[in-house]
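Commentary on secondary and tertiary structure
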Amino acid sequence: MLRQQDPTASTLQLVATDMTEIMENLDTRELDIGDGEEVYDGQDANNSDSRIPFSAVYKTTGFKEPGARVFLTSIPITAKILEVERFASPQDRFSITNQRSVSKLLPAVFRIELRHGNFTWIVKRKEKHFMELHRELRTYKTLLRIPLPSRTHTERRQTVRHTRQMPTLPRGGGDELVREEQVSSRRRQLEDYLNKLLKMPMYRNYHATMEFIDVSQLSFIHDLGPKGLEGMVYKRSGGHRIPGLNCCGHSKMCYRWSKRWLVVKDSFLLYMKPDSGAISFVLLVDKEFSVKMDSKDTETKHGVRVDSLCRNLVLKFSSYRQARWWGQAIDDFVRKYGSAFLQDHRFGSFAKEAEDIPAKWYVNGKTYMEDVANALEEAEEEIFITDWWLSPEIFLKRPVVEGNRWRLDCILKRKAQKGVRIFVMLYKEVELALGINSEYSKRTLLQLHPNIKVMRHPDHVSSTVYLWAHHEKIVVIDQSVAFVGGIDLAYGRWDDREHRLTDIGSVTRTLNTSAENVGEASPTMAAPSNGPGPAQNGKSLGLESVEQPKLKGHGKNKRNRFSIRKHLQKHGLAPADSVSSIDSSEEKAESAQDLQADVIGLMGNTRFWHGKDYCNFVHKDWIQLDKPFDDFIDRHITPRMPWHDIASVVHGKAARDVARHFIQRWNFTKIMKPKYRSLSYPYLLPKSHSTANEIKYQVPGCIPANVQVLRSASDWSAGIKHHEESIHNAYVHVIENSKHYLYIENQFFISCADSKLVYNKIGDAIAQRITKAYREGKKYRVYVVTPLLPGFEGDINTGGGSALQAVMHFNYRTMVRGEYSIISQLKKEMGDQWMNYISFGGLRTHAELEGKLVTELIYVHSKMIIADDNTVIIGSANINDRSMLGKRDSEVAVIYEDTETETSIMDGQEYQAGRFGLHLRLECFRMILGANTDPSIDVTDPISDQFYKEVWMTTAARNASIYQKVFRCLPSSDVRTSLELEGYLAKPGLDKEDPARAKEELKKIRGFLVQFPLYFLSEQNLLPPIGSKEAMVPMEVWT
């Protein structure tokens, strides 16, 4: 709209005369072009058939292009003029006056309420806007009568035959409406005109009409929530918060104005390019959101400035009156519908607490990956994945009994082919420091299908971020199901409660030799070989030997075998693909065997961990990740390192919040990296919380709980002005407010602030909480389970590498060494009584490999805390400064607070425990203490003396003692200096001296828990030696 001067009475009279002439010209018979007003069948607006699918946001077209879907099917649009606003001067627009001096009156503004299905919105128009619309529609109709030789024009001309005559705009007195009856009459006439117009598809779908009633292709998408303000504006470039970038184009000195279509929604606003329909920016509403209209804020005449944590967006309008209307309408709409996003929530989180959310926990990767696979299969619109590391070729369901069907890349390709949009964000590693080859992962995924988009971040040079990582592990399906936890979809992560060390071939299937019964035969899984028999307490002592009979040992001739395979493929029963890679000839031979075994239930040596998935990263880090099915460790000599991990899933509003974090990061990366600015990498839009409870797919086995999404985020990771450390705040809160116990599983344990090297307060909070219990004479327990060694490549028999030792230094500094450690703080208060309050443990297991006894630690990768059987935090954040401080690594976690309780026991007394927290603790305790195989072990009461001393402490001590006696394994508290290492290892264990007795000793092992060796290398300086490459990096890398 052009800016206009304040009209005088004489100019208004001239306008009125012109209008009268226009009306006489319009009101003619030639406008009658046949009958055909649109008839509505009264379809319910809530009917999903009439809704515009959310996927329409990816298919927007230019505003003047035909065929764009804007309106709901078979639902009418009605208009009602609510009032006529008249003011004596522009400033009176917001201080309504009754003054009616004709010489001072401004043109009347009609406030029009429009309804379309469940959507209601207000537009403000002057009489002249009605006249301009009418004139443009008349021109449009005249043009349609001219037979131009273009396809779109021909299609439009077809509709003319079905459209009845254009409604006439009644003759009016121009913009100057003085008397009340004039106003009322004009109001009815214009309302009638607009309603008639909106019943005619030909005119209603014309871009000028849609602009007149403020609608676009994004107006009526159900999942985007209520319809807010829309319209054409001028926006100023720049205003983004891009860390490390302050060059030309981002300062206030050099900007440009562009015409854009602005759309305001309940939790965000966006603008589109009218010529292409492309969404060219999305601004998420947050706690810093504000609308400013003063010229000193906007630095432009008739401007509006919209601020958020990510951007200061300046808009320009044609008049003071229009700018005030827009500014107030944006502010009012967001405060009405998006108030949840404007507040600073508990723990300083971006997300509000959500009540009664279906939630589920996972212990280990097996059940987690199965549920992720099933949820991916149910995706209809979008899949979001972000991981620290992603391996496209991993199998989400094992053992592999359906060819490649459940391989991650195959699932994603299958969904992309069905139209699902898949967005993946990967951490771009510093290649010299890490070998996770995210470039290969990105290239592999992008080759699968155009609907799969992959970004990597950060660019280390341009963003000046060398030390920090994107560490979240998130999978979101249709913004309504969100998996959050510690498990990357990557090699080495899949594991189950068995924590097997060997995988030469660990699944047996029965053979069905009758070709006639092939159609009925199904793969029948026998018990894994490390079940009963030589295996003790879930330990895999004797897996099947390599000499186990293969296919040819079953008297089935070759010709018959292949004819069965062809027969099955012909009837679509056998998958054509199999576990194979172009690079691995050995696997090709095996895969042919696997294929038959998969389908007919033949005997074969199927593996759980294929190729690079069989790993032991302390023994050897990953190499040649572009050859996924080639082994890099000899599985006949080296045991794998089992992986213990925790994850969770949420639905509804909480899933929306997880998706919102992903969207914020994706859109920020798109702005940051020029290569992602093309239209092929779209901006993502968050779905509205108002539709969050319409869950199409729910993961089975959920428990309702109150949940809140937490994160560590900052300017470099999410483009926000103030960093967020809500995970850290929540941890400290949970520790301080716990009444009975804490159970912590974490990959790192680096805390206890000295405000020089370490800043997070988790360790101090634990020490203070124990001290409080001691002073009050109350029972209180803290269980900490962490890896026996950090996950860095290095031979611990020679002392380990510098990186491994550096992390060990800070772990021990938190637990026991130095004045800041938890045990040192407790000893000052209570002497040796600290042992009654806190216990540190690790996990270890053993097996028989090629007739030889082997042991290995179980790598604890979990990031979890449970308090009092009713409060749980699960996420990707380690207990260290990198994860907790917010300004460093990016992380996501969820706090679960139980709403449903069941009767349990706490210190011998009946106790109402939360279902979510209680069952998660019981699963962890049963697994690591061996209660799954020994029913005599009672883990119900987590704090009684009987449990703490006779079950927990006794099991940990006995297991550690047996492992040391049998294997002379490290780390051990018997080794205080590196000089003692050699002497300790020189003395052989029972496994070498007396294997039979060693096996007898190992039968006494229960579960996996071992005491943490608190005094291992306690007299050694573990910090990186001067001159080593590890000593050259800042100390924050290790903390």
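Quick summary incoming for the structure in this document. All figures in this text were calculated on a predicted structure; none of them were measured in a lab.

All chains considered together, the criterion is met by 40 aromatic pairs. Aromatic pair Tyr774 and Tyr837: ring centres 6.3 Å apart, planes at 80 degrees, arrangement edge-to-face. A residue pair is termed long-range when its members are at least 10 positions apart, and Tyr774 in helix H19 (residues 762-776) and Tyr837 in the loop between helix H21 (822-830) and strand S23 (838-849) qualify at 63 residues. Using a relative accessible area of 30% as the deciding quantity, one classes Tyr774 as partly exposed. Look at Tyr837 and you get buried, because its relative accessible area is 10%. With a centroid separation of 5.3 Å and an interplanar angle of 45 degrees, the aromatic rings of Phe925 and Trp952 are classed as tilted. Of this pair, Phe925 sits in helix H23 (residues 915-929) while Trp952 sits in helix H24 (residues 945-967); the two residues are 27 residues apart in sequence, bridging distant segments of the chain. Relative accessible area serves as the criterion here: at 0%, Phe925 is assigned to the buried category. By the ring-pair criterion, three or more aromatic residues cluster together here, those being Tyr58, Phe384, Phe423, Phe662, Trp666, Tyr676 and Tyr681. A cation over an aromatic ring shows up here: Arg640 above the ring of Trp609, its NZ or CZ 3.8 Å from the ring centre.

This brings us to the pairing of strand S26 (residues 863-867). For S26, the tally of buried residues reaches five of five residues, placing the bulk of the element in the interior. Sheet analysis places S26 next to strand S27 (residues 871-875), joined by four bridges and oriented antiparallel. Paired with Ala867 across the two strands is Thr871, which belongs to S27. In textbook terms, the turn of a hairpin is the stretch between consecutive antiparallel strands, and for S26 and S27 this stretch comprises three residues, one of which, Asp868, has a positive phi near 55 degrees.

Once that is clear, we can look at the pattern of salt bridges. Side-chain pairs of opposite charge can arise where the charged atoms are in close proximity. Enumeration according to the criterion identifies 54 salt bridges in this entry. Between Asp214 and Arg125 there is a salt bridge, with its nearest N and O atoms 2.8 Å apart. Taken together, the residues span a long stretch of sequence, with Asp214 in the loop between helix H6 (207-212) and strand S4 (230-236) and Arg125 in strand S3 (residues 119-126) at a distance of 89 residues. Of the residues examined, Arg125 reaches a relative accessible area of 6% and is grouped as buried.

A few words now on the pairing of S27. With five of its five residues buried, S27 lies for the most part within the structure. Every second residue of S27 is oriented toward a common face, with Thr871, Ile873 and Gly875 on one face and Val872 and Ile874 on the other, all of them buried. Note: S27 against strand S28 (residues 891-898), five bridges, orientation antiparallel. Bridge pairing links Gly875 to Ala893 in S28.

Conventions adopted
- Every chain begins its residue count from 1, and numbering advances along the sequence as written.
- The model is predicted, so local features are restricted to residues of pLDDT at least 70 and side-chain atom pairs to those at 80 or more, both for listing and for counting; the totals for chains, interfaces and linings are taken over all residues.
- Excluding hydrogens and water, the side-chain figures rest on all heavy atoms present in the structure.
- Here the aromatic set is Phe, Tyr and Trp, taking the six-membered ring for Trp, and pairing holds for ring centres within 6.5 Å; pairs whose planes are under 30 degrees apart are stacked, those over 60 apart are edge-to-face, and all others are tilted.
- A helix here means a DSSP run of H or I that spans at least four residues, while a strand means a run of E at least two residues long, and both kinds are numbered starting from the N terminus.
- Exposure is judged per residue with a 1.4 Å probe applied to protein chains only, and the accessible area is read against the type maximum: over 50% gives exposed, under 20% gives buried, and values in between give partly exposed.
- Placement of a positive charge over a ring is assigned whenever Lys NZ or Arg CZ falls within 6 Å of the ring centre and within 35 degrees of the normal to the ring plane.
- Two strands pair if DSSP finds at least two bridges between them.
- What makes a salt bridge here is a side-chain nitrogen of Lys or Arg within 4 Å of a carboxyl oxygen of Asp or Glu, nothing more.

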